Amino acid sequence: MESPHKGETMALIQSLTSRSRGILLGAAVGDALGWPQEQNSNIIGGNYNRHIDATQEFRSWARYCGGRYRTYIDPVSEGSYSDDTQLILATGRSLQSKDWFTALTHRELPLLLLYSRGAGGATLRACQTWAMGIEPWLSDRRKKAYFQAGGNGVAMRIAPHVIMHVAHPPEELVSRVVQDGVATHGHPRALVGAAAYAVALHALINTDSTLEFGELPARVKADKSWQSPEALLTNVPSTWKNAAFEQNPNFMSDWIDATNEMVKLISQVENFVQNGTRGDDLGTLRRFGVFDKTRNGAGTITASAAIYLASRNAPRPMSGLLRSAFAENADTDTLASMTGALLGALHGPDWLAELHNQVQDSKYIKWMADDLAARSLGSNDSIANTINFVDKNSIQHFKEQLKVGHGEDSVRLPDMRQGHLLSDFKLQSRRDVYAHRWIVDVGGQTLIIDKTESLVNSGAKDRAYLNTSRRMPSTQLTEKDSGDGKFISLTLPVNDLNLIAGFYSEILGIPVHRIGSRELIVDRTVKFQEISGATYGMSKLALEFEVSDIVAVARRVGHGPLLSSNSFNWTDPAGHTLHIRSTRR
């Protein structure tokens, strides 16, 4: 590659920085837009709340978390992203270390267990295995499931590699992508799909002219770098290759089958983009299997669908993003994330309008994009020359140090980074479970850390902790001198009165007054009554409040960046819709 002149160098830096931001912000915005509609989002209200009209706006929602025996409610603020973006950022941090693969497998993946939101089974199993100090392909208990993992969990996270290798040939890129991929997935579908998607991203970030219909899939199909097993497996550990063939003597045959499957899908994409009837995106996606729950999470299918949507909607990128984020019965968060990254690689971030400022941790994402772009152009600054390993013991020790009601404080994470505790509060849960949340800022990234405890058969130490924690929301049940909230806009049923009292009094700063063992009044206007049969979100009423410091309130509840300077929507612990606005002067 010839050295550019000074003017060309500045233009190159500006272009790459813009496109790098476009990739990461496009992925994050797509993830946040698509997550509520995702087929496995566990959204409260089921399909009634999942299947909504496409809109260029983030929304707040709530989901069930914790599994069958430790179920609790996870309130999700508008603009929040899921594991897709978490893994992209974790990969980016890994690339800031000299030994990026060790940083990924011994720091970032184990640490994800502390704060992951919506991560898939294959990824979580691999993270747990790495946290025990074992490569997942060598785990006697989990290697069978590992080599069967062919989902899109690899493709969703590899964008930072593309940015870092923008000026390198695709052969180097795809071998790094597969090396990254084997950290969590062992089936060829996951690895081949990720490699083909990486080539598509690489083609777009290096495209200077208008993208013609059918050009992207044609370029991906013509690129042979991702179609050669030998090239793809260049960097994987030798122990991985041995384990793969030991687990499946026909492994290479299966790899070739996955490659042929991907080539066929890309050929179909090319054909549909060039000759398909405009407006039949859903029909085309159905042919790919995007709405078939038995296979729509496969790496090959998601990669081909994202390439199709980006190709079809290159002149109108927001249409492509909304199509992917609101497709019913699809893996919408990952599909929209990958589609958004492709469109961002072509257009930069401006087409996202205000969404790229409203998405969770937008400043951190922009910083990460800029850092990766700088490194790809020759910056060799390593933030982490040494790697602080994270394992299950350090994670457990950290969670044990988290205390209820500490307020704003500094914390040191298992990877030795310094974090700032923004808030902590109890979560709505089943009656035999206690769930608590801590919100921590780490260098500009928001980590949501949840801890659950069973109230059944707890030891004496646990019972003392839980009893203290359960009393916490009830410490201020009378009207507070500092309460500056005012209700402006009824008996509402709830199943945990203490939780409601703590939320309105401690978090929103609204005066609360107890009027009986099972009733309380908020701001002398709205009465909440504890009823055993009350369920989350059973009331369809919306409550409106004014607060004097809306930024502080948004931070205390764990809201992301405000969509406007004077209002936001939220839900209380019982599922009631709240409209919170700044006090009118």
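Treat the numbers as computed from the prediction; the structure is a model and nothing was measured.

Cut-offs used in this document
- The numbering scheme is per chain: residues are counted from 1 as the chain's sequence reads.
- Only residues with pLDDT of at least 70 get local features here, since the model is predicted, and only at 80 or more are side-chain atom pairs given and counted; chain-wide, interface and lining totals rely on the full set of residues.
- Side-chain measures were taken over the full set of non-hydrogen atoms in the model, leaving aside hydrogen atoms and water.
- In what follows, salt bridge is the name for a side-chain nitrogen of Lys or Arg lying within 4 Å of a carboxyl oxygen of Asp or Glu.
- Burial here depends on accessible area, computed with a 1.4 Å probe over protein chains only, as a share of the maximum for the residue type. Under 20% is buried, over 50% is exposed, and the range in between is partly exposed.
- The helix and strand labels rest on DSSP assignments: H or I over at least four residues marks a helix, E over at least two residues marks a strand, and numbering proceeds from the N terminus.
- Residue contacts are counted whenever heavy atoms from the two residues lie within 4.5 Å of one another.
- Here the rule is simple: two strands pair whenever DSSP picks up at least two bridges between them.
- In this analysis, axes come from line fits to C-alpha atoms, helices being fitted only over the stretch in contact, and the angle between any two N-to-C directions falls in the range 0 to 180 degrees.

Caption draft 1: The pattern of salt bridges, seen in detail. Across all of its chains, the model carries 21 salt bridges by this definition. The closest approach of N and O atoms between Arg-295 and Asp-292, which form a salt bridge, is 3.1 Å. Classification of Arg-295 as partly exposed rests on a relative accessible area of 39%. A relative accessible area of 29% places Asp-292 in the partly exposed class. Residue Arg-581 pairs with Glu-546 through a salt bridge whose shortest N-O separation is 3.0 Å. One end of the pair, Arg-581, is in strand β14 (residues 577-582); the other, Glu-546, is in strand β12 (residues 542-547), and 35 residues separate them in sequence. A relative accessible area of 16% places Arg-581 in the buried class. The exposure class assigned to Glu-546 is buried, which follows from its relative accessible area of 10%. Bridged by salt links that share partners, the residues Arg-63, Asp-74, Arg-117, Arg-437 and Asp-450 form one connected network.

Caption draft 2: Quick peek at the environment of Ala-305. The topology assignment puts Ala-305 in helix α15 (residues 299-312). Note on Ala-305: relative accessible area 0%, which makes it buried. Between the C-alpha atoms of Ala-305 and Arg-286, which are 19 residues apart in sequence, the distance is 9.7 Å. Those residues in contact with Ala-305 that lie beyond four places of it in its chain are Leu-285, Phe-288, Val-290 and Leu-335.

Caption draft 3: Main features of the pairing of β14. Bridging between β12 and β14 involves six bridges; their strand directions are parallel. Along β14, the bridge assignment pairs Glu-544 with His-579. Note that strand β13 (residues 567-571) and β14 share five bridges and pair antiparallel. For Thr-571, the partnering residue across the bridge sits in β14 and is Thr-577. Between the antiparallel neighbours β13 and β14 lie five residues, among them Gly-575 with a positive phi of about 95°.

Caption draft 4: Highlighting the sheet that holds strand β4 (residues 418-427). Pairing is antiparallel in the open sheet, where four strands are placed in the order β3-β4-β5-β6. In the strand order of this sheet, the two ends are held by β3 (409-412) and β6 (445-454), each with one partner. Averaged over all adjacent pairs, the angle separating strand axes in this sheet is 40°, with direction ignored. Pairing geometry for β4 and strand β5 (residues 433-442), over seven bridges, is antiparallel. The residue of β5 that forms the bridge with Lys-426 is His-436.

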